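Observations on the three-dimensional arrangement
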Amino acid sequence: MATVSLHHVAKIFGAFNAVQDLSLEIADCEFLVLLGPSGCGKTTTMRMIAGLEDPTAGDILIDGARVNDRPARDRDLAMVFQNYGLYPHMTVAQNIGYPLKVRGLPRAERETRVKAAAARVELSSLLDRRPAELSGGQRQRVALARAVVRTPRLFLMDEPLSNLDAKLRTSMRAQLKHLQRDLATTTIYVTHDQTEAMTLADRIVVMKDGRIQQSGTPAEIYARPGNIFVAGFVGSPPMNLLAGTVSDGRFSHDAGSMVLAGHSGPVVLGVRPEDVSVVGADEGDLRGRVYSSELLGDSVLLGITVGNDLVNVKVGPEGGRAIGSEIAIRLNPAKLHVFHHDTGLRLAEAGQ
Ligand SMILES: Nc1ncnc2c1ncn2[C@@H]1O[C@H](COP(=O)(O)OP(=O)(O)OP(=O)(O)O)[C@@H](O)[C@H]1O
Ligand SMILES: [Mg+2]
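The structure displayed is predicted, hence computed values, not measured ones.

**Observations regarding the overall build of the protein**
Scanning the protein from N- to C-terminus turns up 8 helices and 20 strands. By its C-alpha atoms, the protein is 75 × 45 × 35 Å across when sized along the principal axes. In the protein, buried positions account for 49% of the 352 residues. Long-range contacts, defined as pairs at least 24 residues apart, comprise 65% of the intrachain contacts of the protein with a sequence gap of at least 6. Put simply, the protein shows about 16200 Å² of open surface, and 50% of that area lies on carbon and sulfur atoms. Positive and negative charge centroids in the protein, built from 39 and 39 side chains respectively, lie 8 Å apart.

Dropping the structure here:
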C-alpha cells in the first residue's frame, strides 16, 4: 500500500517538453487513471514514477519519501509496460515467476503462485511457450500475470489491455478492477481509451501536451468537463460542440436560436448526444437535416447537419429517421455546457 505525490514534475527531451509542471497526489489504494491522446506524456510520467526516467525538474514521493534518486528496483512496484517488456529467452511460466525468483521465494511456492496468476488471465495452457510463440494479446496477459504474481506497494499499468480483443478486454477490465480491490494496491493506469478510464478509475486525470487538463471522478469529468478538450475527449460519441453568440439571453447559431441565460458574447455550447431530442421541423431550437441514422442495438445514433456542424443525437431504438429528412433538434436546457469561445474554459452556470 502506498501514496504517491508528484510535485511540479517536468521532463524535457532535448528541447521538447514532454511533461510540464505536473503536480498530483495519489491516495492509498486509489485506482488513478491517466487519460489522454497519443503523445501527451502518459508513459513518460509512468516511467518517472517507476524510476526508469529521471525527471528534469520536480520531486516524486512514495509514502512521503522522496524517491528521485532511488533506483527502480528499490521502489517496490510492478509495472506492466505498453510493449510488454517480456524476457524472450524465458518461458511464459519463467516470465511470470521472475519477480518471485529475484525475491528468493522457494520453488514450490513460486509454482503455485505462477499457476494462480496464469489462471487469472487464461494462460494456463501456454506456460511452456516463449514470448515469440505468442500473439500480442497473449503477451500482454503474460505481462499482467507477472505484475499480479506478487503484491507490490504500487501497480503501474501502461495500456495493459490495448492488444486484447473486445470480449477479452471487457472481461479483463472487470477482473483488473476486482483484483485491485482485493489486493488493495494503489494503481496508476494509463490509457487513451475513455471507456476504460470511465469504468476502471476512482479518479481520472486528463492530460494533453504534457499538462493536466482536469482531475476528478469519472462522474465529475463526464458531468462537468472543465474545458472543451475534456468535453470532446470523454464520452462516446463525444459531446457536440456548437460555436455561436449569446445576446439578450439567447444563443444564436446559423441554424436557429434558443434561450441561454447568464452569458453574453461568443461561446461554444456543449451538449451530449443523449441530451438532444429530435422534433418536428417547425418545433425545435435548431433546424437540421438527417445525415446518417445508425441502429446500435439498444439505441439509434442520428447524425444531423445543423448549419455547418454535424450533431450526434442518441435516441431510442425506434427513433431511426430517413436520411435527408428535415427535422429540428431541441437541447435539454438543464444539460447544457457553456465554454469560453477563445480560452475553451468552462463558464460558470447561471446562478452559480
Ligand atoms: N526518449 C525520448 N526522446 C525524445 N522524445 C521522447 C522520448 N520519449 C518520449 N518522447 C516524446 O515525448 C512525448 C510524450 O511521449 P509519451 O510516450 O509519454 O506519450 P504517451 O502519452 O504515452 O503516448 P501513447 O499513447 O502514444 O503511448 C511524445 O511526443 C514523444 O515523442
Ligand atoms: Mg504511452
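**A look at the nonpolar core**
If you look at the biggest cluster of nonpolar residues, it comprises 44 residues, and the most contacted ones within it are Val 33, Leu 35, Ile 96, Leu 144 and Tyr 189. Here the element with the most residues in this core is helix 4 (residues 136-148); it accounts for 6 residues. Excluding its chain neighbours within four sequence positions, the residues that come into contact with Val 33 are Tyr 189, Thr 191, Ala 197, Leu 200, Ala 201, Arg 203, Ile 204 and Val 205. Core analysis: the second largest hydrophobic core is formed by 26 residues, Leu 6, Ile 62, Leu 154 and Met 207 among them.

**Focus on the packing of helix 2 (residues 92-102) against helix 3 (residues 107-120)**
The contact between helix 2 and helix 3 brings their axes to 9 Å, and the two run at 125°. Regarding the angle of helix 2 to helix 3, the classification is oblique. Remark: the crossing between helix 2 and helix 3 carries right-handed chirality. Along its contact with helix 2, which presents Ala 93, Ile 96, Gly 97, Leu 100 and Lys 101, the element helix 3 presents Arg 110, Arg 113, Val 114, Ala 117 and Ala 118. Residue composition of the contact of helix 2 with helix 3, grouped by class: 6 nonpolar, 1 polar and 3 charged.

**Topic: the sheet that holds strand 6 (residues 77-80)**
Spatial ordering of the open sheet is given by 6-7-8-3-9-10, a layout of 6 strands whose pairing is mixed. If you trace the sheet from one side to the other, it starts and ends with strand 6 and strand 10 (211-216), each paired once. Direction aside, the axes of adjacent strands within the sheet are offset by 15° on average. Sheet topology places strand 3 (residues 31-35) next to strand 9 (residues 203-208); 4 bridges connect them, and they run parallel. Each bridged residue has a counterpart across the sheet, and for Val 33 the counterpart in strand 9 is Ile 204. Packed onto the sheet, helix 1 (residues 42-50) meets strand 3, strand 6, strand 7 (154-158), strand 8 (186-191) and strand 9 and runs at close to 155° relative to strand 7.

**Let's talk about the domain arrangement of the protein**
Frequently, the measure chosen for interface size is the accessible area that the parts lose on association. In terms of domain boundaries, the protein breaks down into domain 1 (4-229) and domain 2 (238-349). Here the C-alpha centre of domain 2 lies 38 Å away from the C-alpha centre of domain 1. With 8 residues of domain 1 at the interface, the matching set in domain 2 holds 12 residues. Taken together, both faces of the contact between domain 1 and domain 2 bury some 800 Å²; the carbon and sulfur share is 54%. Counting every contact that joins domain 1 to domain 2 gives 0 salt bridges. On inspection of domain 1 and its partner domain 2, the count reaches 5 residue pairs in polar contact (both at pLDDT 80 or more). Residue contributions to the side of domain 1 that touches domain 2 peak at 3 residues, all from helix 7 (residues 218-223). A per-class count over the side of domain 1 that touches domain 2 returns 5 nonpolar, 2 polar and 1 charged.

**Section: the side chain of Arg 272**
For Arg 272, the position within the fold is in the loop between strand 14 (265-271) and strand 15 (276-279). Put simply, Arg 272 is tucked away with no salt bridge, and the nearest opposite charge, on Glu 274, sits 4.9 Å away. Here Val 234 takes part through its backbone oxygen, which lies 3.0 Å from a polar atom of the side chain of Arg 272. Each residue touching Arg 272, except ones within four places of it in the same chain, is listed here: Ile 221, Tyr 222, Pro 225, Ala 231, Val 234, Gly 235, Met 239 and Asn 240.

**Observations regarding the site of ligand 1**
Close contacts around ligand 1 come from 13 residues, with Ser 38, Gly 39, Thr 43, Thr 44 and Gln 82 the closest. Between ligand 1 and Thr 43, the relevant distance is 2.7 Å, taken from an oxygen atom to a side-chain nitrogen or oxygen of the residue. Protein coverage of the free-state accessible area of ligand 1, which is 640 Å², stands at 62%. At the level of elements, strand 2 (16-26) and helix 1 are the ones that each hand at least two residues to the shell around ligand 1. Considering every element that reaches the shell around ligand 1, the biggest residue donor is helix 1, with 3 residues.

**Observations concerning the sheet that holds strand 1 (residues 4-13)**
With antiparallel pairing, 4 strands are arranged side by side in an open sheet as 2-1-4-5. In this open sheet, the two edge strands, each paired with only one partner strand, are strand 2 and strand 5 (65-66).

**What to know about the pattern of salt bridges**
Here the idea is simple: oppositely charged side chains can pair when their charged atoms come close. The full count for this structure, using the stated rule, is 16 salt bridges. Notably, a salt bridge pairs Asp 193 with Arg 169, separated by 2.9 Å at the nearest N-O pair. Taken as a pair, Asp 193 in the loop between strand 8 and helix 6 (194-200) and Arg 169 in helix 5 (residues 166-183) lie far apart in primary sequence, 24 residues in all. Here Arg 169 falls in the buried class, since its relative accessible area comes to 18%. Taking the shortest distance from any N to any O, the salt bridge between Lys 335 and Asp 275 comes out at 3.9 Å. Taken together, the positions of Lys 335 in the loop between strand 19 (326-331) and strand 20 (337-340) and Asp 275 in the loop between strand 14 and strand 15 put the pair 60 residues apart, joining distant regions of the chain. You can call Lys 335 partly exposed: its relative accessible area is 41%. Residue classification places Asp 275 among the buried positions, given a relative accessible area of 12%. Counted as one network, the salt bridges with shared partners bring together Lys 11, Arg 47 and Glu 53.

Thresholds, definitions, all that
- Residues numbered from 1 in each chain as written.
- Chains lettered and ligands numbered in written order.
- Predicted model: local features only at pLDDT ≥ 70, side-chain atom pairs only at ≥ 80, totals over all residues.
- Heavy atoms only, no water.
- Helix = DSSP H or I, 4+ residues; strand = E, 2+ residues; numbered from the N terminus.
- Buried < 20%, exposed > 50% of the residue type's maximum accessible area, 1.4 Å probe, protein only.
- Contact = heavy atoms within 4.5 Å.
- Areas by Shrake-Rupley, 256 points an atom, 1.4 Å probe, with all protein chains shown as cover.
- Lys, Arg positive; Asp, Glu negative; His and termini not counted.
- Charge placed at Lys NZ, Arg CZ, Asp CG, Glu CD.
- Core = buried A, V, L, I, M, F, W, Y, C linked by side-chain atoms within 4.5 Å.
- Axes fitted to C-alpha atoms, helices over the stretch in contact; angles between N-to-C directions.
- Parallel < 35°, antiparallel > 145°, perpendicular 65-115°, else oblique.
- Left-handed = near helix turned anticlockwise from the far one by under 90°.
- Nonpolar A, V, L, I, M, F, W, Y, C, P; charged D, E, K, R; others polar.
- Pairing = 2+ DSSP bridges.
- Domains from an automatic or database assignment.
- Buried area = accessible area lost by both parts, 1.4 Å probe.
- Salt bridge = Lys/Arg side-chain N within 4 Å of Asp/Glu carboxyl O.
- Polar contact = N/O pair within 3.5 Å; in protein donor to acceptor, adjacent residues only side chain to side chain.
- Near = heavy atom within 4 Å.

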